[in-house]
Amino acid sequence: MGVGQATHALPVSSAAADAAASGSPGRLLTAGMVAAWYASNIGVLLLNKYLLSVYGFRFPVFLTACHMSACAVLSCVAHAGRAAAAPPASRSRGQLARVAVLGAVFCGSVVAGNVSLRYLPVSFNQAVGATTPFFTAVLAYAVAARREACATYAALLPVVAGVVIATGGEPSFHLFGFIMCVGATAGRALKTVLQGILLSSEEEKMNSMDLLRYMAPVAVLLLVPATLIMERDALGVVAALAREDPSFIWILLCNSSLAYFVNLTNFLVTKHTSPLTLQVLGNAKGAVAVVVSILIFRNPVTFVGMLGYGITVAGVVLYGEAKKRNK
């Protein structure tokens, strides 16, 4: 991801989720939300790959700035609609400062993920991204001294082993792209850990959409000067491409809007399903993204690479089960 891989929504109990989806209309609504989540998540991932690798638009920082700008604008529009019905909660300066730290980490992880798509196929990008639970467990111990049971740590071994195998069997391996992809995955994990520390009290907890509304402007403030320094030709190239191919602007606008809808649909799916269902859907989404990307981009794959990805996904499932048993 990319962007949709970095969201954190309010936990919802299994009982509430099952009640919400009990009737036929409820099931249809949930199925529609899941379909929209898959479409937006996979869509933004494939469009990022197309723009950065196939189309030849070599400006991942500028592209991320477009994503964050769309998230900031659309979040404010959605909040204005909600604020008309209910008064918004007040936020302290300290809370906003902590959210700004999360925004900076979030921004860095998204940029690194987009940079990696310039050099790596989506299939391998997803395999590395599946190791997020490993980095979350390691960083939770390193930053917050939070320990898991031995069985939980043991379940992470196939997660890492699968990526090692997939790396060895990846015909399109690129070292810099791999480093960026690992950095993006670690950044998402760090944001999760920091969010649990910095916004730990009940008064300070936010749902994922409110958090995005505060983080996106912080990311824009960081990305605009970064673009001007690191990608000075970006605006000139965008103007030239818009003159040569008017559809480019529509692709860019669609891509940026999808970045917001990834977060929105993730929030809605989390709200209307149980945690177990969400985990299963998340693992399946990664597999669907891999298959669709291979069909579209025709990147070469090997049996060893697919075996490694399968082992990693199996490890993620075992890790979730181990955590549930040891709660």
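Residues numbered from 1 in each chain as written. Predicted model: local features only at pLDDT ≥ 70, side-chain atom pairs only at ≥ 80, totals over all residues. Heavy atoms only, no water.

Peer 1: It is not clear to me how helix H11 (residues 234-244) should be interpreted in this structure. Could you clarify?
Peer 2: Think of an α-helix as turning once every 3.6 residues; residues three or four places apart then point the same way. Among the residues making up H11, those that are buried are Ala234, Val238 and Leu241. Each buried residue of H11 lies within a common arc of 70° when the element is viewed along its axis, so the set occupies one face. Counted as exposed and oriented over 90 degrees from the buried face of H11: Leu235, Arg243 and Glu244. (Buried < 20%, exposed > 50% of the residue type's maximum accessible area, 1.4 Å probe, protein only. Helix = DSSP H or I, 4+ residues; strand = E, 2+ residues; numbered from the N terminus. Arc of directions from axis to C-beta.)

Peer 1: It is not clear to me how the nonpolar core should be interpreted in this structure. Could you clarify?
Peer 2: One broad rule of soluble globular proteins: the nonpolar side chains tend to lie buried together. In this structure, Met68, Cys71, Leu211 and Leu223 are the most contacted members of the largest nonpolar core, which totals 31 residues. When residues of this core are traced back to their parent elements, those giving at least two are helix H2 (24-54), helix H3 (60-85), helix H4 (93-119), helix H10 (208-230) and helix H12 (247-272). Those residues in contact with Leu223 that lie beyond four places of it in its chain are Val61, Thr64, Ala65, Met68, Cys107 and Val111. Ranked by size, the runner-up nonpolar core spans 18 residues in total, among them Phe57, Val122, Leu241 and Leu252. (Core = buried A, V, L, I, M, F, W, Y, C linked by side-chain atoms within 4.5 Å. Contact = heavy atoms within 4.5 Å.)

Peer 1: How do you make sense of the packing of aromatic side chains when you look at a structure like this?
Peer 2: We describe a pair of aromatic rings using the distance from one ring centre to the other and the angle between the two ring planes. In the structure shown here, the tally under the stated rule is 12 aromatic pairs. Where Phe57 meets Phe62, the ring centres are 6.0 Å apart and the plane angle is 65°; that geometry is what we call edge-to-face. Accessibility assignment for this pair places Phe57 and Phe62 in one class, buried. Three or more aromatic residues joined by ring pairs make a cluster, and in this case those are Tyr50, Tyr55, Phe57, Phe59, Phe62 and Phe248. Over the ring of Tyr214 we find Arg213, and its NZ or CZ is 4.6 Å from the ring centre. (Phe/Tyr/Trp six-rings, centres within 6.5 Å; stacked < 30°, edge-to-face > 60°. Lys NZ or Arg CZ within 6 Å of the ring centre and 35° of its normal.)

Peer 1: When you look at a nonpolar patch on the surface in this model, what are you seeing that I'm missing?
Peer 2: A grouping of Val224, Leu228, Ile229, Met230 and Leu235 is seen on the molecular surface, where their side chains present a nonpolar patch of about 540 Å² in accessible area. When residues in the nonpolar patch are grouped by element, the largest group, 4 residues, is from H10. With respect to the secondary-structure elements, Leu228 resides in helix H10. (Patch = residues over 30% accessible without salt bridge, like charges linked within 9 Å, V, L, I, M, F, W, Y side chains within 5 Å. Areas by Shrake-Rupley, 256 points an atom, 1.4 Å probe, with all protein chains shown as cover. Salt bridge = Lys/Arg side-chain N within 4 Å of Asp/Glu carboxyl O.)

Peer 1: Explanation requested: the pattern of salt bridges in the structure shown.
Peer 2: Oppositely charged side chains can pair when the atoms bearing their charge come close. Evaluated as defined, the whole model comprises 3 salt bridges. In this structure, Glu148 engages Lys323 in a salt bridge whose closest nitrogen and oxygen atoms are separated by 3.6 Å. One end of the pair, Glu148, is in the loop between helix H6 (132-144) and helix H7 (150-155); the other, Lys323, is in helix H14 (residues 303-325), with 175 residues separating them in the sequence. Lys324 is the partner of Glu321 in a salt bridge, and the nearest nitrogen-oxygen pair spans 3.4 Å. Within this pair, Glu321 and its partner Lys324 are both found in helix H14, separated by 3 residues, close to a single helical turn. Residue classification places Glu321 among the partly exposed positions, given a relative accessible area of 27%.

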